[in-house]
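For reference, the chains in residue letters:
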Amino acid sequence: MQQVRTLGPGFDLGGLGNTVKRLGPAKIGAIAAVGLAVLLGVGYVARSTGTPAGLLYAGLESADAGRIAARLEELKIPVDARGDGSIMVPADQVARLRMQLAAEGLPRQGGAGYELLDQASPMQMTSFMQRVQRLRALEGELARTIITMRGVRAARVHIVMPERESFSRDAPSPTASVTVTTHNNQRLGAAQAAAIRLLVAGAVPRLHQEDVSVVDPTGVVLAADGGTGAAAGRIGEMRANQEHALQKAVLDLLEPIVGRGKVRAVAAVEIEGARIVAREETFDPLGQVERGRQVQTEQENSEDGRGQAPVTVGQNLPNQQVNNNANRSASNSQRNNETINYEISSKIEETTREPGAVKRVSVAVIVDGLTDAAGQAQPRSKEELDRLAALVRSAVGFSEKRGDTVTVDTLRFLPEEGPGTLISADAGGVTLSGAQMALLGGGLMVAAGGSAFMMRRRRQRRIAEEAAAAEAAAAAALAAAQAEAMDEAIATVGQDIQIRLSSLNALHDIIDNRPDEALAVVRNWIEEGTPG
């Protein structure tokens, strides 16, 4: 007897189950699809009417986003805070909320500026505290200015103002460090780093641009020590970029030849990390140039006398001329000197190699082997590998003088795993809003209800099949039992018939041989069966 369970007046589970059974899987699937569509429509309407649609802020830090979201919840404003630092509010309240939050000092990611000097009374501060507050205010103002640059999301500025030591004429020069965080983890350009250094150096007295260091949160030095420190900090990044470029060049060249996925390339690049300055001076002995000419002329006149003339009578006579040159001699000499100076032409070359120059390149290429008609792996020929190696040398800019090496070999690749066998840890997540989560939950509930109903139908069908199988087994067992009982009954009847036939034969013998005794026995039976 079948029992029907009821939950209340007018609600019959048995009738509902019979109705569902009569619908069939196709009609049940259609009803589930219609219900899911209605749920999606209701969710879309709810989202369009109640979900914030205006962008209040974007790219906020976690602390600032939390403070702003908490303040908006206190104001009873619908808010949607997302993982990327964006905050969504109703579009018609964006301007008013920005003004109200700005009046309350939100967001605070720019740091405190000159308002620090207004918060404390000068009468309650020592000279040391005043210097510290002034330095903090200067750092905050510089950080606010740096944030206004394109692509910069956050910045922090640290300034060191050393004091002049006792008995020292000059004070040490100040230094500064700037940490910059960009949007979407983009790398800050060299021009922007130079602009930040110039900005900070111009705002701090006696601070030189070379004493300002700019780094990013990953530890890469963007600018320091006039560019040398920045280049040293980027050695690893430069090496990785060049290796990636060489690998891509080799793959782009060989994949169209040997097939996609049948070639692997690994490049190793050695980068010069030191700054090298080489100076060379050469002289050309054939390139003589007259540098100067000097002419010197010397003239010498000399007169020599051989003693005084003797005194004679003629010298004492009047109107007589005395020849005093009789014993004298004169000589004249002249000498000319000319000096010419020649300059040998020379050439001076000065070569400066900044950090980042390529010292050596090593490339290893593995090509998948061939497969013959029988499916057996066969290595590629040496001539083909030599041609591929020549192509690779041309693609990577091979230089034998530099000591570059290129190796190309053939090996059999293992078959790749089929889709769905591995999962990736780098798969990015998808951020869903509250309405989307509700719609997804509703869809999952409908799908779970449909699955539960189908499982119930399958279970009822399985139970019915098991019951039918049990009834068939019972009927078979009953038929077997009945057949066995029939055989036993037939055997028993046969035995009775045989007994009765033997008894009748004995009775006939008794009647024939002893009729008086047989008549007496019949009379006794009749008398026993007559009621008294």
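Nothing here was measured: the structure is a model prediction, and the numbers come from that model.

Moving on: the pattern of salt bridges. With the rule as written, the count across this model stands at 14 salt bridges. Among the ionic pairs, glutamate 141 bridges to arginine 144, the shortest N-O distance being 3.5 Å. Pair noted here: glutamate 141 and arginine 144 are both in helix α5 (residues 127–147), with a separation of three residues, about one helical turn. Overall, the relative accessible area of 33% leaves arginine 144 in the partly exposed class. Between arginine 412 and aspartate 368 there is a salt bridge, and its shortest N-O distance comes to 3.9 Å. Remark: aspartate 368 occurs in strand β13 (residues 358–368) and arginine 412 occurs in the loop between β16 (405–411) and α11 (434–513); sequence separation between them is 44 residues. You can call aspartate 368 buried: its relative accessible area is 8%.

The next subject is the side chain of glutamate 243. Residue position: glutamate 243 is located in helix α8 (residues 235–258). Contacts of glutamate 243, omitting those with residues within four sequence positions, involve Ala267, Ala268 and Val269.

Okay, the pairing of β16 next. The side-chain alternation of β16 yields one buried face, formed by Val406, Val408 and Thr410, and one unburied face, formed by Thr405, Thr407, Asp409 and Leu411. As paired elements, β13 and β16 share seven bridges and run parallel to each other. In the strand pairing of β16, valine 367 is matched with threonine 410.

This part takes up the confidence of the model for the protein. Per-residue confidence for the protein gives a mean pLDDT of 75, with 67% of residues at or over 70. Taken together, the stretch residues 1–11 has pLDDT below 50 and engages in nine contacts with residues farther than four places along the chain or on a different chain. Every residue in residues 420–432 is under pLDDT 50, and counting partners more than four places away or in other chains gives four contacts.

Within a beta sheet, neighbouring strands are joined by backbone hydrogen bonds and run either parallel or antiparallel to one another. The strand order β6-β7-β8-β9 describes an open sheet built from four strands, whose pairing is mixed. The sheet is open, and its two edges are formed by β6 (152–160) and β9 (221–223), each paired on a single side. Neighbour-to-neighbour, the strand axes of this sheet turn through a mean angle of 25 degrees, independent of strand direction. Two elements, strand β8 (residues 212–215) and β9, share two bridges in a ladder whose sense is antiparallel.

Conventions adopted
Residues numbered from 1 in each chain as written. Predicted model: local features only at pLDDT ≥ 70, side-chain atom pairs only at ≥ 80, totals over all residues. Heavy atoms only, no water. Salt bridge = Lys/Arg side-chain N within 4 Å of Asp/Glu carboxyl O. Helix = DSSP H or I, 4+ residues; strand = E, 2+ residues; numbered from the N terminus. Buried < 20%, exposed > 50% of the residue type's maximum accessible area, 1.4 Å probe, protein only. Contact = heavy atoms within 4.5 Å. Pairing = 2+ DSSP bridges. pLDDT = per-residue confidence, 0-100. Axes fitted to C-alpha atoms, helices over the stretch in contact; angles between N-to-C directions.

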